[in-house]
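Secondary and tertiary structure notes
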Amino acid sequence: MSASQPEVLVIEPGIADRHYWQDLWRFRELFYVLAWRDIAVRYKQTIIGVAWALIRPFLTMIVFTIVFGRLAKLPTEGAVPYALMVFAGLLPWQFFSTALSESSASLIGNANLISKVYFPRLIVPTAAVVVSFVDFLISFVILIALLAWYRFLPGWHIVTLPLFVLMAFLASLGPGLWITALNVKYRDFRYVIPFIVQFGLYVSPVGFSSSVVPEEWRLLYSLNPVVGVIDGFRWAILGRQSTLYLPGFLLSCGVIVFFLWLGIRQFRGMEKTFADLV
Amino acid sequence: MSADIAISVENLGKSYFVGHQSSREERYTALRDVIARNVKSLARKTRDMFSGRPIVQGDEVEEFWALKGVSFEVRRGDVVGVIGRNGAGKSTLLKVLSRITEPTAGRIRIRGRVASLLEVGTGFHPELTGRENIFLNGAILGMTRAEIRTKFDEIVAFAEVERFLDTPVKRYSSGMYVRLAFAVAAHLEPEILVVDEVLAVGDSEFQKKCLGKMKDVAGHGRTVLFVSHNLAAVRALCRTSLLLSAGRLAASGESGAVIASYADQQDGSASFSRSPLSIERPHVIAASVVDITEGQQSAQRLLKVRVTAHSSRPMSVEISALVRDNAGAPIGFAPVGSLMKRSPAQLSEGSTTFLMTLDVSSLALGQYSLTMQIGRPLGEMFDSCPDCLSFDLGSEHFSEVMSPFRQDWHVGSVLFASTIERVQ
């Protein structure tokens, strides 16, 4: 017999798994594979395939530039072309909104897996967020093209961009986890998400600069975590032309951390009942 | 926990909340009733949500124990069968053991890595190719990519799908699909394997191959928990077995004895009855074994079964009896009323009783069960009562010259009438 004794696993009602985070690491291959599956399937049996990830943000940018820039004549940030300013905000918004909708639908969408195999369930919504990250990277191509078109060279701030990408990732993961867990029990939340996403497009500074918001409302406005993310993106890409409103930014960060904590707590609390409810 | 115990289960329980529509309730008649009921149900659901309870359909909630007070131990390297009727708690036990769902009471200790196989092809994605699905399914079952890569050729050869590796599996025939799915699962190498009724797929040739593979796995000193309704497979694979009945452990120990007590459990049902259902399709409401008598020819034995069927309108049906032996293997089928022009099996509105006669002269001595079915002649099945009756063919029924042929000789259950003559 083998000399090394495998560890004893104890299963009892209501006892939190001591090895949860360790298990999460052990199942990382499953995480890659699930993300890869969703990416591989995303544009199967479409004609233009990945181009969809380019067309949607591009057209949205044109419409927003015309509506907000030309018709409503809202100011841009510094001397930056309006289209560029819109796109620098659209990029994180699209990432946030697709990540939020994908992750909040993920548990229901993988019901067959959840009721038949054990793995740390946290993998499912996280892998779903990664999928939208791929779309995000693809639409980055447009940003580069725009920068070249307007002969705009970003400053040193650009190196901080990954930090804001991480922020967008966490901003969508927190509410995503919270809603996907609740969605398993109460399917009402499935109808909430499209509404939040549609609504959020107008209450977040996507088509306009957040500097048009009156100074006394600025802090309150930053309770919307996406405000911090978008401002961060604009600051990193557009450089000195854009100013980062620091108190608001820190508030947004705080809100993100709060939702992340809430989401993980809710998710972990309900995780063991998913298979019975889904 | 001593070192050679792989799984130890103490006093395990798992309960679910199930809802009922209360019986005293009137039918939906007036719009007023419908509105009142919906308002009540909305109020209850809202209350449930704020107290964090799941939504249960129906207006009476009852706690149902799918498993209760189950304790047993499995030694390392043992292959243990789990048997029991539908709804006895077998699948729930496996789900709790593989950590898919949490127990409500009790404690389980497991030494070693568990892989569970509760369904073939879990997570297969129809849009992906066979090759991609092997990696996907393998990862879902807990294999690493390196592991899958080393076994890839073996899996493909086992599944016999070489030519279609790069075809999306949605274009596969159902047989190919199942073969590929089982092939991946069969190459899992965990310390403890938990398997639910997965051999019942594919054609008989492939089933044989799967059974062989399972024997292989068992032979390699791995601990296996194997749920099946195929008692012959359990007998062949497992030295010991557990019998579950209504969520409790009814018997455990050497497989032969446990299977025998399972057969006993199903026994004692020479008659079966239930109240007419409010469904429109014809259904069996009573059946009983009348007796086994001698026929007019010598050594002819006739089994008489009385069947009462209920129908909402007059119609012509096929009534059939499926005979299984004590190992659960189907050995014969008696459809009545289907092949004649004017079927004698005419149901009137309400209940109709028939007396069926089956010639059982060629059956071996032993226990049999009968599944009574009603269907459209040569067509769709309306109702089936699985193993609702049983009868015991004893030696008293064979007082004649012929030497009695017994089921427990394990050479089958049918004695063929045969002759032999010598040719030069």
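Structure shown above.
The paragraphs below set out a description of the structure included in this document. All of these numbers come straight from a predicted model, not from anything done at the bench.

**Looking at the overall build of chain B**
Broken down by element type, chain B carries eight helices and 19 strands. Sequence separation of at least 24 residues holds for 71% of the intrachain contacts in chain B that already meet a minimum separation of 6.

**So, the pairing of strand β8 (residues 240-245) of chain B**
Residue and element names in this part refer to chain B. Here strand β3 (residues 79-83) pairs with β8 via four bridges, running parallel. Among the inter-strand pairings, Gly81 is bridged to a residue of β8, identified as Ser241. Here six bridges tie β8 to strand β9 (residues 248-254), and the two strands are oriented antiparallel to one another. Looking at β9, one finds that Leu244 is bridged to Leu249.

**Observations regarding the nonpolar core**
In this structure, Leu225(B) and Phe226(B) are the most contacted members of the largest nonpolar core, which totals 137 residues. Considering each element in turn, this core owes the most residues, 14 residues, to helix α4 (residues 82-109) of chain A. Each residue touching Phe226(B), except ones within four places of it in the same chain, is listed here: Val79(B), Val80(B), Gly81(B), Val82(B), Val195(B), Val234(B), Leu237(B) and Cys238(B). Core analysis: the second largest hydrophobic core is formed by 25 residues, Val317(B), Ala321(B), Leu363(B) and Ile374(B) among them.

**As for the interface of chain B and chain A**
The partner chain A presents 27 residues to the 38 residues of chain B that form the contact. Counting only elements with at least two residues in the side of chain B that touches chain A, the list comes to β4 (105-111) and α3 (130-140) of chain B. The element contributing the most residues to the side of chain B that touches chain A is β4(B), with six residues. A class-by-class count of the residues in the side of chain B that touches chain A yields 17 nonpolar, nine polar and twelve charged. Pairing analysis gives four bridges linking strand β1 (residues 8-11) of chain A to β4(B), with the strands arranged antiparallel. Its bridge partner lying in β4(B), Leu9(A) is registered against Ile110(B).

**With respect to the sheet that holds strand β10 (residues 271-273) of chain B**
All names here are of chain B. Read from one edge to the other, the open sheet built from four strands follows the order β10-β11-β12-β17, with strand pairing classed as antiparallel. Edge strands, defined here as strands with exactly one partner in the open sheet, are β10 and β17 (350-359). For this sheet, the mean angle separating the axes of adjacent strands, direction not counted, is 15 degrees. By the bridge criterion, three bridges tie β10 to strand β11 (residues 283-294) in an arrangement that is antiparallel. Directly across from Phe272, in β11, lies its bridge partner Ala287.

Conventions and cut-offs
Residues take numbers from 1 onward in each chain, read along the sequence in its written order. Here the convention is simple: chains get letters from A, ligands get numbers from 1, in the order in which they are written. Note on the predicted model: pLDDT of at least 70 is required for a residue's local features to be given, and 80 or more for side-chain atom pairs to be given and counted; whole-chain, interface and lining totals, by contrast, use all residues. Helix and strand definitions follow DSSP, with helices as H or I runs of at least four residues and strands as E runs of at least two, each counted in order from the N terminus. Think of it this way: build a C-beta for each residue from its backbone, and any pair within 7 Å is a contact. Only strands joined by at least two bridges in the DSSP assignment are considered to pair. Put simply, a nonpolar core is a cluster of buried Ala, Val, Leu, Ile, Met, Phe, Trp, Tyr and Cys residues tied together by C-beta atoms within 7 Å. Partly exposed residues are those falling between the two cut-offs: more than 12 but fewer than 20 other C-beta atoms within 10 Å of their own, whereas 20 or more means buried and 12 or fewer means exposed, with C-beta atoms placed from the backbone. For this classification, the nonpolar set comprises Ala, Val, Leu, Ile, Met, Phe, Trp, Tyr, Cys and Pro, the charged set comprises Asp, Glu, Lys and Arg, and every other residue, Gly included, is treated as polar. Every angle, taken between N-to-C directions, lies between 0 and 180 degrees, and every axis is a line fitted to C-alpha atoms, over only the stretch in contact when it is a helix.

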